Amino acid sequence: MSPNHLLLRLLPGLLAVILALALSPAWAGESAGMALLESRCASCHNISGPAPATIHALWARKAPDLFYAGNKFRRTWLVSWLQHPVRIRPAGEFYADHVKPGPERDMVDESTLAPHMALGAADAKLAADALMTLRAHDDLIAKEHVPAGSISRSMGSLVFDKFLGCMACHRVKPDFGGLSGPELYTAGARLKPAFMASYIRSPQSWDPKIWMPNKHVSDTRIVQLVHYLQALSKGGSHE
Ligand code: HEC
Ligand code: HEC
């Protein structure tokens, strides 16, 4: 068969493939989103897993892991934060590299913290959609069920602060609380309820070497804590 003949025979099939690709914007968007994550985010963020397996690797981590972003974040928050990023970990990543001794307690050395890159609206949506497909921990999420509900601020803060000591590492309002963990007064807007529940139940199932202790919190307390974090955050509606 001459090369020309071969081409003619293959042409209908090729055309069908090209047409199928052109007609599937979802596929095209997803791959463009993944390409964006790979080219502009993966130099700092781990988007394919696994989590650091040693303390040394944990301390050397430049940015939070994103390979389970789809299990963790609310898409609406991602789209808006990626356009207008604000600090989540008061002392950045890794926190001990960005604190200095103060007169009474450790203080954040702001001069060592760089602002996060911001994306335009279209790229933010592309990136958010791609991030939502990264769901390495569907298994952990499937174990959680957080019923809708509420808790008074005073009861919530009693459980969070006095009973369980969570405030040692987490802020519950700007400038109030610990420095070594992410601030939690926006957690309800940022994070899925099942992720919060699962992370509180067993931080090391998500990040084997992380310094958040497993406090063996009971199911009842876990639900109370999630409701409290949702109450702290204005956008903390149940989903
Ligand atoms: C120069 C390194 C760097 C690059 C490049 C970078 N990030 Fe980040 N990113 C960080 C750091 C550091 C944080 C933690 C910020 C904080 O907690 O205040 C962060 C936080 C985040 C968070 C919140 C994560 C969490 O667990 O709270 C998301 C989502 C995110 N980045 C997405 C992206 C995306 C999408 C891109 C690419 C378009 C990107 N980042 C590029 C360093 C980077
Ligand atoms: C010794 C410090 C420490 C204590 C005490 C602590 N945490 Fe954490 N917590 C962390 C760190 C570190 C992370 C994860 C940091 C990261 O992803 O960069 C974390 C993550 C979380 C997250 C996920 C937040 C996010 O943005 O990824 C939630 C929710 C949370 N903690 C709730 C709690 C609750 C509730 C308690 C009390 C039962 C508690 N923590 C006690 C250090 C602590």
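Our subject is the structure listed above.
Residues numbered from 1 in each chain as written. Chains lettered and ligands numbered in written order. Predicted model: local features only at pLDDT ≥ 70, side-chain atom pairs only at ≥ 80, totals over all residues. Heavy atoms only, no water.

Secondary structure summary: the protein contains 12 helices and four strands in total. Here the protein, with 239 residues, has 40% of them falling under the buried criterion. Pairs at least 24 apart in sequence give 66% of the contacts found in the protein among residues at least 6 apart. Here the protein displays about 13,400 Å² of accessible surface, and carbon together with sulfur accounts for 62% of that area. (Helix = DSSP H or I, 4+ residues; strand = E, 2+ residues; numbered from the N terminus. Buried < 20%, exposed > 50% of the residue type's maximum accessible area, 1.4 Å probe, protein only. Contact = heavy atoms within 4.5 Å. Areas by Shrake-Rupley, 256 points an atom, 1.4 Å probe, with all protein chains shown as cover.)

In the vicinity of ligand 2 there are 22 residues, among which Arg 89, Cys 166, Cys 169, His 170 and Met 212 approach most closely. Between ligand 2 and Lys 72, the relevant distance is 3.1 Å, taken from an oxygen atom to a side-chain nitrogen or oxygen of the residue. Between His 170 and ligand 2, the recorded distance is 2.8 Å, taken from a side-chain N or O atom to a nitrogen atom. At three residues, the largest contribution of residues to the shell around ligand 2 is made by helix α10 (residues 193-201). (Near = heavy atom within 4 Å. Polar contact = N/O pair within 3.5 Å; in protein donor to acceptor, adjacent residues only side chain to side chain.)

What helix α8 (residues 153-163) keeps buried is the set Gly 156, Val 159 and Phe 160. Projection of α8 onto a plane perpendicular to its axis shows the buried side chains occupying an angular sector of 85°, all on one side. Of the exposed residues in α8, those oriented more than 90 degrees away from the buried face are Ser 154 and Lys 162. Contacts from the buried residues of α8 go to β3 (171-173) and α12 (219-232). Where α8 terminates, the next one or two residues include Gly 165, which has phi positive at roughly 70°. (Arc of directions from axis to C-beta.)

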